[in-house]
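If you want the building blocks of each chain, they are given just below.
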Amino acid sequence: MSTLVTKAFVMNSFPWKDRHRLLHLLTPEHGLITAMAPAAESLKSKLRAVSQLFSYSELTLSGQNGRYTVKDGAVIEAFTALSQDLDRLAAAAHAVEVFSDVARNDEPNRQVFELWAYTVYEISRSEDPVFIARMSSMRLMEIIGLSPDLDACISCREPIEGAYFFSYLAGGLLCEKDRAKGQRDAMTVLSKGTVALLLHIERAPFEKLYRFQASDKIRREASCLADRWVEEKMEKRYKRLSLLDSCLDFSFNTKESEKAGE
Ligand SMILES: [Zn+2]
């Protein structure tokens with residue numbers, strides 16, 4: 001048995017057998033690990049607070065071969081605001097699912113841990129927590145090398161002027177001249193502001209990542225793109241946000257394409 005002292009975020013927490021809790025913990029060095037918190041359901045348990053979903057703690061774990069038991073812990077930040085507001089809760093639930101999927105499938109990556117730290121903090125205080133959750137998932141895709149190519153036309157590599165045609169299949173932008181190379185049902189038109197925001201989300205240092213201003217229109221476009229992009233890259237449906245809103249108009253918008261000069 002070895003002892004591990006680590007900072008950790010609780011990404012999932014559920015009852016386990018006799019008043020225990022089973023925790024999925026996101027750690028900086030070991031990625032996503034599973035740990036059992038003995039008797040954490042008990043009101044008197046000192047492990048009760050560190051077993052709360054979304055909480056951030058310093059924990060002492062013992063175990064081996066990836067099977068850990070929580071021995072001791074102290075909460076650093078409980079993020080109680082997340083459970084007091086439905087939008088924040090839905091946003092956090094969506095983001096925690098995408099981050100957990102990435103952390104489960106990839107090698108431990110400190111950047112994933114740090115991005116989650118900035119994201120959970122921002123979701124707990126932002127006026128638009130759902131949008132923060134969506135943008136966090138786009139930066140997460142960049143960390144694992146699955147971000148769209150937004151620098152130039154992916155076909156001719158020329159800078160784009162005029163309308164921005166985004167192709168999900170080709171994984172980036174097409175210029176007016178090359179738009180026919182994309183399949184219509186896997187394309188959408190983006191405004192210049194949306195492309196600029198998405199580039200910021202791909203590249204800004206974490207401490208500036210969520211310091212942006214964006215109109216409702218840009219938020220709508222970027223939200224729909226993020227939802228579809230992340231689902232296609234992760235090959236999974238994420239349903240936590242579907243009760244709040246939906247992007248029915250995923251596909252190519254013919255009216256806008258006419259305006260753009262068809
Ligand atoms: Zn082109």
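Everything quoted here is computed from the prediction, not taken from an experiment. (Residues numbered from 1 in each chain as written. Predicted model: local features only at pLDDT ≥ 70, side-chain atom pairs only at ≥ 80, totals over all residues.)

**Observations concerning the domain arrangement of the protein**
Next up, step 1: Domain annotation for the protein reports domain 1 (2-78) and domain 2 (85-259).
Next up, step 2: Computed from C-alpha atoms alone, the centre-to-centre distance between domain 1 and domain 2 is 31 Å.
Next up, step 3: Domain 1 puts 12 residues into the contact, and the matching count from domain 2 is 12 residues.
Next up, step 4: Those elements that place two or more of their residues in the side of domain 1 that touches domain 2 are strand 1 (2-16), strand 2 (20-27) and strand 3 (31-37).
Next up, step 5: Here the residues of the side of domain 1 that touches domain 2 are counted per class, giving 6 nonpolar, 5 polar and 1 charged. (Domains from an automatic or database assignment. Contact = placed C-beta atoms within 7 Å. Helix = DSSP H or I, 4+ residues; strand = E, 2+ residues; numbered from the N terminus. Nonpolar A, V, L, I, M, F, W, Y, C, P; charged D, E, K, R; others polar.)

**What about the packing of helix 3 (residues 129-143) against helix 4 (residues 192-203)?**
Next up, step 1: Following both chains from N to C, one finds helix 3 and helix 4 inclined at 60°, their axes separated by 8 Å at the closest point. When the axes of helix 3 and helix 4 are compared, the pair comes out oblique. Crossing handedness for the pair helix 3 and helix 4: right-handed. In this structure, helix 3 contributes Met135, Met138, Arg139 and Glu142 to the contact, and helix 4 contributes Leu198, Ile201 and Glu202.
Next up, step 2: Residues of the contact of helix 3 with helix 4, tallied by class, amount to 4 nonpolar, no polar and 3 charged. (Axes fitted to C-alpha atoms, helices over the stretch in contact; angles between N-to-C directions. Parallel < 35°, antiparallel > 145°, perpendicular 65-115°, else oblique. Left-handed = near helix turned anticlockwise from the far one by under 90°.)

**Things to note about the pairing of strand 6 (residues 164-167)**
For a regular strand, side chains alternate in direction, first toward one face of the sheet and then toward the other.
Next up, step 1: Burial along strand 6 is two-sided: the face carrying Tyr164 and Phe166 and the face carrying Phe165 and Ser167 are both buried.
Next up, step 2: Two strands pair when backbone bridges link them, and strand 6 and strand 8 (residues 187-190) are joined in this way by 4 bridges, in the antiparallel orientation. Looking across to strand 8, one finds that Phe166 is bridged to Thr188.
Next up, step 3: By the bridge criterion, 3 bridges tie strand 6 to strand 7 (residues 172-174) in an arrangement that is antiparallel. By the bridge assignment, Phe166 is partnered in strand 7 with Leu173.
Next up, step 4: Once strand 6 ends, the chain turns through 4 residues before running back antiparallel as strand 7, passing Gly171 with a positive phi of about 80°. (Buried ≥ 20, exposed ≤ 12 C-beta atoms within 10 Å, placed from the backbone. Pairing = 2+ DSSP bridges.)

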